[in-house]
Amino acid sequence: MCPSEAVDLDDPAAARAGAILTIDLDAVADNYRRLCAELGAVACAAVVKADAYGLGMARVAPALARAGARTFFVAQLEEAIALRAMFPVEVEIYVLNGLGAGPVAEFQAGRVHPVLNSLGEIDAWAAAARAAGRALPAAVHIDTGISRLGLPDDELEALAADRGRLAGIDLRYLLSHLACADRPEHPLNAEQLRRFRAARARLPDAPASLANSSGIFLGADYHLDLARPGVALYGVNPTPGQPNPMRQVVRLQGKILQVREIDASRTVGYGATHRAAGPTRIATVAVGYADGYLRSLSNRGSAWLGDRRVPVVGRVSMDLITLDVTGASAEAARPGAFVDLIGADLSTDEVAEAAGTIGYEILTSLGRRYHRVYRGGR
Ligand SMILES: *Cc1c(COP(=O)(O)O)cnc(C)c1O
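Computed from a predicted structure; not experimentally measured.

1. Regarding the overall build of the protein
At step 1: The helix and strand tally for the protein stands at twelve helices and 19 strands.
At step 2: Seen through its C-alpha atoms, the protein measures out along the principal axes to roughly 75 × 45 × 35 Å.
At step 3: For the protein, buried positions account for 54% of its 378 residues.
At step 4: Look at the contacts in the protein between residues 6 or more apart in sequence, and 66% of them connect residues 24 or more apart.
At step 5: Accessible surface, the protein: about 16,000 Å² in total, of which carbon and sulfur atoms supply 50%.

2. Examining the site of the ligand
At step 1: Around the ligand, a shell composed of 13 residues is seen, among which Lys49, Tyr53, Ser213, Gly230 and Tyr360 lie nearest.
At step 2: A distance of 2.8 Å is found between an oxygen atom of the ligand and a backbone nitrogen or oxygen belonging to Val231.
At step 3: One can see that the ligand is located within the largest pocket.
At step 4: For the shell around the ligand, the residue count by class is six nonpolar, four polar and three charged.

3. Quick look at the domain arrangement of the protein
At step 1: When cut into domains, the protein gives domain 1 (3–21 + 248–375) and domain 2 (25–234).
At step 2: Computed from C-alpha coordinates alone, the two centres of domain 1 and domain 2 are separated by 37 Å.
At step 3: Contact with domain 1, which involves ten residues of that partner, is made by 14 residues of domain 2.
At step 4: Approximately 1,100 Å² of surface area, both sides summed, lies buried where domain 1 meets domain 2, with 64% of it carried by carbon and sulfur atoms.
At step 5: Three residues, Val249, Tyr360 and Tyr374, lead the burial of domain 1 against domain 2; their summed loss comes to 53% of the area buried on that side.
At step 6: At the boundary of domain 1 with domain 2, the tally comes to zero salt bridges.

4. Considering the pairing of strand β1 (residues 19–24)
On a regular strand, one side chain projects to one face of the sheet and the next to the other, so that they alternate.
At step 1: Counting buried residues along β1, six of its six residues qualify, which places the element largely inside the surrounding structure.
At step 2: Here β1 shows no split at all, with Ala19, Leu21 and Ile23 on one side and Ile20, Thr22 and Asp24 on the other all buried.
At step 3: Bridge count for β1 against strand β11 (residues 250–262) is five bridges, and the pairing is antiparallel. In the sheet register, Leu21 faces β11, and the bridge partner there is Leu252.
At step 4: Note that β1 and strand β19 (residues 371–375) share five bridges and pair parallel. Considered in β19, the bridge of Ile20 is made with His371.

5. Some thoughts on the environment of Ala179
At step 1: By the secondary structure assignment, Ala179 is in the loop between β8 (169–175) and α9 (187–202).
At step 2: A C-alpha to C-alpha distance of 9.0 Å links Ala179 and Ser147, two positions 32 residues apart in sequence.
At step 3: If we skip the residues at most four places from it in the chain, Ala179 touches Ile146, Leu188 and Gln192.

6. Observations regarding the layout of surface pockets
At step 1: Empty space within the largest pocket amounts to approximately 900 Å³.
At step 2: Every residue lining the largest pocket is counted, 39 residues in all, and those nearest its centre are His177, Asn212, Val231, Ile358 and Tyr360.
At step 3: Secondary structure elements with two or more residues in the lining of the largest pocket: α3 (49–53), α10 (213–216), α11 (348–355) and α12 (359–364).
At step 4: Of the residues that constitute the lining of the largest pocket, the class distribution is 20 nonpolar, twelve polar and seven charged.
At step 5: Each of domain 1 (3–21 + 248–375) and domain 2 (25–234) accounts for three or more of the residues forming the lining of the largest pocket.

What counts and how
Residues numbered from 1 in each chain as written. Predicted model: local features only at pLDDT ≥ 70, side-chain atom pairs only at ≥ 80, totals over all residues. Heavy atoms only, no water. Helix = DSSP H or I, 4+ residues; strand = E, 2+ residues; numbered from the N terminus. Buried < 20%, exposed > 50% of the residue type's maximum accessible area, 1.4 Å probe, protein only. Contact = heavy atoms within 4.5 Å. Areas by Shrake-Rupley, 256 points an atom, 1.4 Å probe, with all protein chains shown as cover. Near = heavy atom within 4 Å. Polar contact = N/O pair within 3.5 Å; in protein donor to acceptor, adjacent residues only side chain to side chain. 1 Å grid on protein atoms, 1.4 Å probe; cavity = no way out; pocket = protein on both sides within 12 Å on 5 of 7 lines; lining within 4 Å. Sits in = over half its atoms within 2 Å of the grid points. Nonpolar A, V, L, I, M, F, W, Y, C, P; charged D, E, K, R; others polar. Domains from an automatic or database assignment. Buried area = accessible area lost by both parts, 1.4 Å probe. Salt bridge = Lys/Arg side-chain N within 4 Å of Asp/Glu carboxyl O. Pairing = 2+ DSSP bridges. Points joined across faces, edges and corners; volume = space filled by probe spheres on them.

What follows is the structure, given as structure tokens:
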């Protein structure tokens, strides 16, 4: 990696920042098209909850719409209202958290559709439709094994026995969510598909949606009528253990503040958890756990300094990390230079693995102090 290639230090905001976060909207669009290709004729929605997994919904959603996305999912009503403000009515917006996310009237006023997660929500939406004197669009979520949101078995029974409760609801999708889609060999995948088919057979005919990012790669049986990928759009590997079919989207470059020489008489960082083995050069970089550079990366993370991989030594602190740059030239390891902390050669998944977490958490933790640069997306 060329450490300074993406950093425009003529921009004063970039020059002041401790780190630069570059988000490649062309890669997001390519990832969307890649998933569409995998799906063939099946439609592909885009999940942009949690500010598009931390990457900025205001920039990411229009790029996805330009790539062809017409159906969006968010978790919360507030997110849906912000998204609706960005788009005229031709995109459909669904709120996964359902009517628990806010008042019925605000869904109607905002022209955003709830994912109805219980019989109580179905009844409330049907009542709103009666009051409005017209059918109101919604999706209905059936819990087929994740035990989190959606109609549990007994409520599915009750609905199947009294389908009239759906009167007035314009049932756009029956939806369910996989618990183990990232593990193709897990028996729960086929079991959830079986239960979902059985549920559909007992309910009014409606298009169906089951697959998240990883679910798309479980094969055509799981595609149904609409897929709902999130994380794969943002470059995280939906097929763990296999080569990543997605393009890396984020690049995080942290700025070196200081470089020092220490020897075996010295330790590094809080708790003195790292002791130099001999003469050592330590570079201090202006990124810490307050920026979402997780503390679990202490003595485990790494960075690229030019073409050299350098380890994080000592604890991650709030605003700083320390790298062992002993092997690097003084020209490369100098105050003001940038190191790559996430990027093409240090994927989100690799950082997550070192931190003992998943790519989702790395992305949604990306800090507010980073100077953000968006590339492409036209
Ligand atoms: C978050 C979420 C998705 C997207 O999942 P990814 O694994 O990020 O692709 C799809 N459906 C539901 C119900 C979700 O909560």
